[in-house]
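Here is how the chains run, residue by residue.
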Amino acid sequence: MVKNDAEIVDIEQRQDVALKENQLHVFYQLKRNIFKDNWCGSEALIRWIDPIKGMISPGKFIPLFEKNGFVIKLDLFAFENVCKNISRMIDDGITPLRVSVNVSRSHLMHKNFLDEYFKLMKKYNVPPKYIEFELTESLVMENSEILVEIINQIHKFGCTCSIDDFGSGYSSLNMLKEFDFDVIKLDQVFFRGSNGFDDKAKKIVHSVIELCHTLNKTIVAEGVENKEIVNYLKKEKCAIIQGYYFSKPVPYEDYMTQVKKQSEEEKNKINDK
Ligand code: C2E
Ligand code: CA
Ligand code: CA
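Residues numbered from 1 in each chain as written. Chains lettered and ligands numbered in written order. Predicted model: local features only at pLDDT ≥ 70, side-chain atom pairs only at ≥ 80, totals over all residues. Heavy atoms only, no water.

## Quick word on the overall build of the protein
Secondary structure assignment for the protein yields 11 helices and 10 strands. Taken against the 2.2 N^0.38 rule, which gives 19 Å for 273 residues, the C-alpha radius of gyration of the protein at 19 Å falls within 12% of a compact globule. When each of the 273 residues of the protein is scored for burial, the buried share is 47%. Sequence separation of at least 24 residues holds for 68% of the intrachain contacts in the protein that already meet a minimum separation of 6. In the structure as shown, the protein presents an accessible area of about 14300 Å², 51% of it carried by carbon and sulfur atoms. (Helix = DSSP H or I, 4+ residues; strand = E, 2+ residues; numbered from the N terminus. Rg over C-alpha atoms; globule rule 2.2 N^0.38 Å. Buried < 20%, exposed > 50% of the residue type's maximum accessible area, 1.4 Å probe, protein only. Contact = heavy atoms within 4.5 Å. Areas by Shrake-Rupley, 256 points an atom, 1.4 Å probe, with all protein chains shown as cover.)

## A word on the coordination of the calcium ion (ligand 3)
Every protein donor of the calcium ion (ligand 3) is accounted for by Asp-164 (OD), Asp-165 (OD), Glu-222 (OE) and Glu-222 (OE), and the metal-donor separations fall at 2.2 to 2.9 Å. In primary-sequence terms, the residues that donate to the calcium ion (ligand 3) follow D-D-x56-E. The two metals, the calcium ion (ligand 3) and the calcium ion (ligand 2), are separated by 4.0 Å and share Asp-164 as a common coordinating residue. Of this pair, Asp-165 sits in strand 6 (residues 160-166) while Glu-222 is found in strand 8 (residues 218-222), placing the two residues 57 residues apart along the sequence. A relative accessible area of 25% means that Asp-165 is categorised as partly exposed. Of the residues examined, Glu-222 reaches a relative accessible area of 7% and is grouped as buried. (Donors = N, O, S within 2.8 Å, 3.2 Å for Na, K, Ca; no water.)

## What to know about the coordination of the calcium ion (ligand 2)
At the metal site, the calcium ion (ligand 2) is ligated by Glu-43 (OE), Asn-102 (OD1), Glu-134 (OE) and Asp-164 (OD), and these contacts range over 2.2 to 2.3 Å. We note that the donor set of the calcium ion (ligand 2) lies within a single chain, spaced as E-x58-N-x31-E-x29-D. Looking at Asn-102, the relative accessible area reads 28%, which means it is partly exposed.

## Notes on the nonpolar core
If you look at the biggest cluster of nonpolar residues, it comprises 80 residues, and the most contacted ones within it are Phe-133, Phe-191, Leu-233 and Tyr-255. At 10 residues, helix 3 (residues 70-91) tops the list of elements feeding residues into this core. (Core = buried A, V, L, I, M, F, W, Y, C linked by side-chain atoms within 4.5 Å.)

## Some remarks on unusual backbone geometry
Of note, Asp-37 is a non-glycine position whose phi angle comes to about 55°, a positive value. Residue placement: Asp-37 occurs in the loop between strand 1 (24-33) and strand 2 (38-50). The residue Asp-165 is not glycine, and still its phi comes out positive at about 55°.

## Describing the site of ligand 1
As a matter of local geometry, ligand 1 sits amid 22 residues, with Arg-47, Asp-75, Gln-188, Glu-225 and Tyr-244 nearest to it. One of the side-chain N or O atoms of Gln-29 is found 3.1 Å from a nitrogen atom in ligand 1. Between ligand 1 and the protein, one listed contact pairs a nitrogen atom with a side-chain N or O atom of Arg-192 at 3.3 Å. Against a free-state accessible area of 810 Å², the protein chains account for coverage of 83% of ligand 1. Contributions of two or more residues to the shell around ligand 1 are made by strand 2, helix 2 (58-68), helix 3 and strand 6. The residue makeup of the shell around ligand 1, split by class, is 8 nonpolar, 6 polar and 8 charged. (Near = heavy atom within 4 Å. Polar contact = N/O pair within 3.5 Å; in protein donor to acceptor, adjacent residues only side chain to side chain. Nonpolar A, V, L, I, M, F, W, Y, C, P; charged D, E, K, R; others polar.)

## A closer look at the environment of Leu-97
Relative to the helices and strands, Leu-97 is located in the loop between helix 3 and strand 4 (99-102). Sequence-distant contacts of Leu-97, that is, excluding residues within four places in its chain, are made with Leu-30, Trp-39, Cys-40, Gly-41, Tyr-130, Tyr-255, Val-259 and Gln-262.

## What to know about the side chain of Arg-32
By secondary structure assignment, the location of Arg-32 is in strand 1. Separated by 3.1 Å, the side chain of Arg-32 and the backbone oxygen of Asp-37 make a polar contact. Leave out the neighbours within four places in its chain, and Arg-32 touches Asp-37, Asn-38, Trp-39, Cys-40, Ala-239, Ile-240, Ile-241 and Phe-246.

## Remarks on the pattern of salt bridges
Counted under the stated rule, the structure contains 17 salt bridges. A salt bridge links Arg-14 to Asp-50; the shortest N-O distance between them is 2.3 Å. With Arg-14 in helix 1 (residues 5-20) and Asp-50 in strand 2, the pair connects residues that are 36 residues apart, well separated along the chain. With its nearest N and O atoms 2.7 Å apart, the salt bridge here joins Glu-178 to Lys-177. By relative accessible area, Lys-177 is classed as exposed at 63%. (Salt bridge = Lys/Arg side-chain N within 4 Å of Asp/Glu carboxyl O.)

Everything listed here is a matter of geometry and, on its own, says nothing about what the molecule does.
Okay, structure coming up:
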């Protein structure tokens, strides 16, 4: 969080420069399928690398940019980058992974905000199956009618959508009933809360996974840092994990190297058959 007013003013004064002078970068955090033993997707996460201050965490500037509206520009910048990178991979013969992108709640004030996203996908020839939109619980609660329409548009275009930070808000269960999300991202708080991953957390995680399975939803467990939790999730048949245990968010070049490696291994497997 930002500590004082001077810091807020400082960040806000530098936001446009950051965009113009290439200080904003998209990092990727891989998601692991622990049953297939492969990378099955990634999340695009913004980083601000200031020439003097170094890396500034999104936890510092995203809440500010949500307030002053700059987050809309930033999200579209991140998305264009994602599209360019997927397109580059395809041109280089690499099979891309599906990338999920964070959609800020500010977008919802603009009814047709998805048109900009779809336009970019068309511009860079990105097949819709490679994009997933992450929407958060808070965004959902405030805008329920618009949200039904947004999810329809996402599906109609051929993309998927996930509910981010599931379990961190209040109306989670109702949301599962009202909205047609493809993926449920289980919030990190279950695994790294104040009491750690204790028995109570385990029981809740167990029930949520069971519920998602019953509803035929894909679950992604976020913020997993150790082997014990991985083993627990395996036992509970939660296939997809995103957390430092498998991979931290990394710059595009490192991400691309991993995706390329897997893409080549899969092609070799097919050729060997
Ligand atoms: P998020 O969408 O919930 O993203 C997951 C955050 O958890 C990331 O933090 C990621 O680095 C962190 N994380 C993942 N696994 C672990 C783990 O095992 N241990 C720990 N300690 N942390 C883990 P990050 O990158 O700092 O992003 C923070 C938040 O900033 C994101 O939370 C998201 O709400 C927002 N954000 C990041 N990039 C964007 C963006 O391009 N647009 C918008 N609107 N928001 C963004
Ligand atoms: Ca997210
Ligand atoms: Ca999350």
